[in-house]
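Remarks on the overall topology
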Amino acid sequence: MNVIELARAFLDDAPIGIVITDAQPAKPGPIILYANAAFGALTGRDVDGLIGLTPRFMQGRETRRSSLDDFARALAGGDRYHGYLTNYRGDGSKYRVEIDCRPLRGADGQVEHFLSFEREVVRRVGRPASGSAGRYEPTSVSNDLLTAPLRALGAFAVTEGPP
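The notes below deal with the structure included here. Along every chain, residues carry numbers that run from 1 in the direction the sequence is written. Local features in this predicted model are restricted to residues whose pLDDT is 70 or higher, and side-chain atom pairs enter the listing and the counts only when it is 80 or higher, whereas totals over whole chains, interfaces and linings include all residues. Hydrogens and waters are ignored; side-chain quantities use all the structure's heavy atoms.

Describing the overall build of the protein chain
Only DSSP runs of H or I reaching four residues or more are called helices, and only runs of E reaching two or more are called strands; each is numbered from the N terminus. When helices and strands are tallied, the protein chain shows 5 helices and 6 strands. Each helix and strand of the protein chain, placed in order from N terminus to C terminus, yields the pattern α-β-β-α-α-α-β-β-β-β-α. Burial classes follow relative accessibility: with a 1.4 Å probe on protein chains only, a residue under 20% of its type's maximum area counts as buried, one over 50% as exposed, and anything between as partly exposed. Each of the 163 residues in the protein chain was classed as buried or not, and the buried ones make up 41%. Any pair of residues with heavy atoms lying within 4.5 Å of one another is described as a contacting pair. Here the analysis covers contacts within the protein chain between residues at least 6 apart in sequence; of these, 45% occur between residues at least 24 apart. To be clear on the numbers: accessible area is Shrake-Rupley with a 1.4 Å probe, and residue cover counts the displayed protein chains and nothing else. Element-wise, carbon and sulfur atoms account for 52% of the exposed surface of the protein chain, whose accessible area totals about 9200 Å².

Next comes the structure, spelled out in C-alpha cells:
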C-alpha cells in the first residue's frame with residue numbers, strides 16, 4: 001500500500017485539511033497528489049480539481065514573501081515547517097491558515113512526499129499568549145476522534161521559536 005492509498009483509507013473524512021504533495025519544492029512543484037474533503041472546503045475548491053496543482057494557487061497579494069521563503073527553505077532542506085500564511089479561496093476571499101508540513105521519508109531516508117495539516121485560524125481577541133502560536137486560534141475546534149492522534153503527532157505544536 002503506498003502513501004496515497006493509505007491517506008485515502010484514513011484521512012478522507014478527517015476534520016482538518018490534509019494535503020500530500022510530491023517532494024519537488026522547486027517550481028512548478030510541489031504538486032498535490034492527495035487532498036481530503038476538509039482541504040477542499042478550506043480552499044473553496046473541488047477536491048478532484050486540486051490533484052495535479054501546486055499549492056501556490058492559494059497565494060495572492062497579501063501572502064507574505066518572507067513566510068513563503070521560510071516555507072521553501074524548510075522544504076528544500078527536508079525539514080518540518082510550522083507557520084501561518086494568508087491564502088485565497090477559489091472565490092478570491094482571503095483567509096489565514098496555520099500549516100504544519102512534514103517530510104515523509106522512504107526506507108532509504110530520502111524525502112518522497114510532504115504531508116501538510118492545515119486549518120483556518122483567526123487573530124485572538126485581547127492580549128495574545130506568549131509565543132508565535134499565541135496570536136491565533138482555530139476557527140473551529142473538533143471533538144473528532146482524530147484530534148488525539150494529531151496531538152500525539154505534535155500537529156500544530158510549536159517546537160521552536162517563531163517561524
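What about the side chain of Arg-102?
With respect to the secondary-structure elements, Arg-102 resides in strand β4 (residues 94-105). Looking at Arg-102, its side chain comes within polar contact range of the side chain of Asp-100, at 3.1 Å. N or O atoms within 3.5 Å of each other form a polar contact, as long as, within protein, one can give a hydrogen and the other can take it, and as long as residues adjacent in sequence are counted only when both atoms are side-chain atoms.

Observations concerning the nonpolar core
If you look at the biggest cluster of nonpolar residues, it comprises 19 residues, and the most contacted ones within it are Phe-39, Phe-71, Tyr-81, Leu-85, Ile-99 and Cys-101. Of all elements in the fold, only β2 (32-35), α2 (37-43), α4 (65-76), β3 (81-88) and β4 reach the threshold of two or more residues within this core. Discounting chain neighbours no more than four positions away, the residues touching Phe-39 are Gly-17, Ile-18, Val-19, Ile-32, Leu-50, Met-58 and Glu-118. For the purposes of this section, nonpolar cores are sets of buried Ala, Val, Leu, Ile, Met, Phe, Trp, Tyr and Cys residues that join through side-chain atoms within 4.5 Å.

Observations regarding helix α1 (residues 3-11)
Within α1, the full set of buried residues consists of Ile-4, Ala-7 and Leu-11. Along the axis of α1, the buried residues cluster in a sector spanning 65°; they form a single face. Away from its buried face by more than 90 degrees, α1 exposes Ala-9 and Phe-10. For α1, the elements touching its buried residues are β1 (17-22) and β2. Where α1 begins, the capping side chain belongs to Asn-2, and its oxygen is found 2.9 Å from the backbone nitrogen of Ile-4. The arc in question is the one spanned by the directions pointing from the helix axis to the C-beta atoms.

A closer look at the pairing of strand β5 (residues 111-123)
In the case of a regular strand, side chains alternate between the two sheet surfaces. Here, strands pair whenever DSSP counts at least two bridges between them. Note that β1 and β5 share 6 bridges and pair antiparallel. Along β5, the bridge assignment pairs Gly-17 with Glu-118. With 10 bridges connecting them, β4 and β5 associate as antiparallel partners. Bridge assignment links Ile-99 to a residue of β5, and that residue is Glu-118. Taking the residues that link successive antiparallel strands as the turn, the β4-β5 hairpin has 5 residues, and the phi of Gly-109 there is positive, at about 90°.

A short note on the side chain of Asn-87
Inspection of the secondary structure assignment puts Asn-87 in strand β3. On the basis of relative accessibility, which here comes to 2%, the residue Asn-87 falls in the buried class. Apart from residues no more than four positions distant in its own chain, Asn-87 is found in contact with Met-58, Gln-59, Thr-63, Ser-93, Lys-94, Tyr-95 and Val-97.

A look at the pattern of salt bridges
Here a salt bridge means any side-chain nitrogen of Lys or Arg lying within 4 Å of a carboxyl oxygen belonging to Asp or Glu. Taken as a whole and assessed by the stated rule, the structure comprises 8 salt bridges. With a shortest N-O distance of 2.8 Å, Asp-100 and Arg-80 are connected by a salt bridge. Placement of Asp-100 in strand β4 and of Arg-80 in the loop between α4 and β3 is noted, with a sequence separation of 20 residues between them. On the basis of relative accessibility, which here comes to 0%, the residue Asp-100 falls in the buried class. One salt bridge in this structure joins Glu-120 and Arg-89, with 2.7 Å as the shortest N-O distance. With Glu-120 in strand β5 and Arg-89 in the loop between β3 and β4, the pair connects residues that are 31 residues apart, well separated along the chain. Glu-120 sits in the partly exposed class, given a relative accessible area of 23%. Arg-89 gets classed as buried once you look at its relative accessible area, which sits at 19%. Counted as one network, the salt bridges with shared partners bring together Arg-61, Glu-62 and Lys-94.

That's the geometry; what it means functionally is another story.
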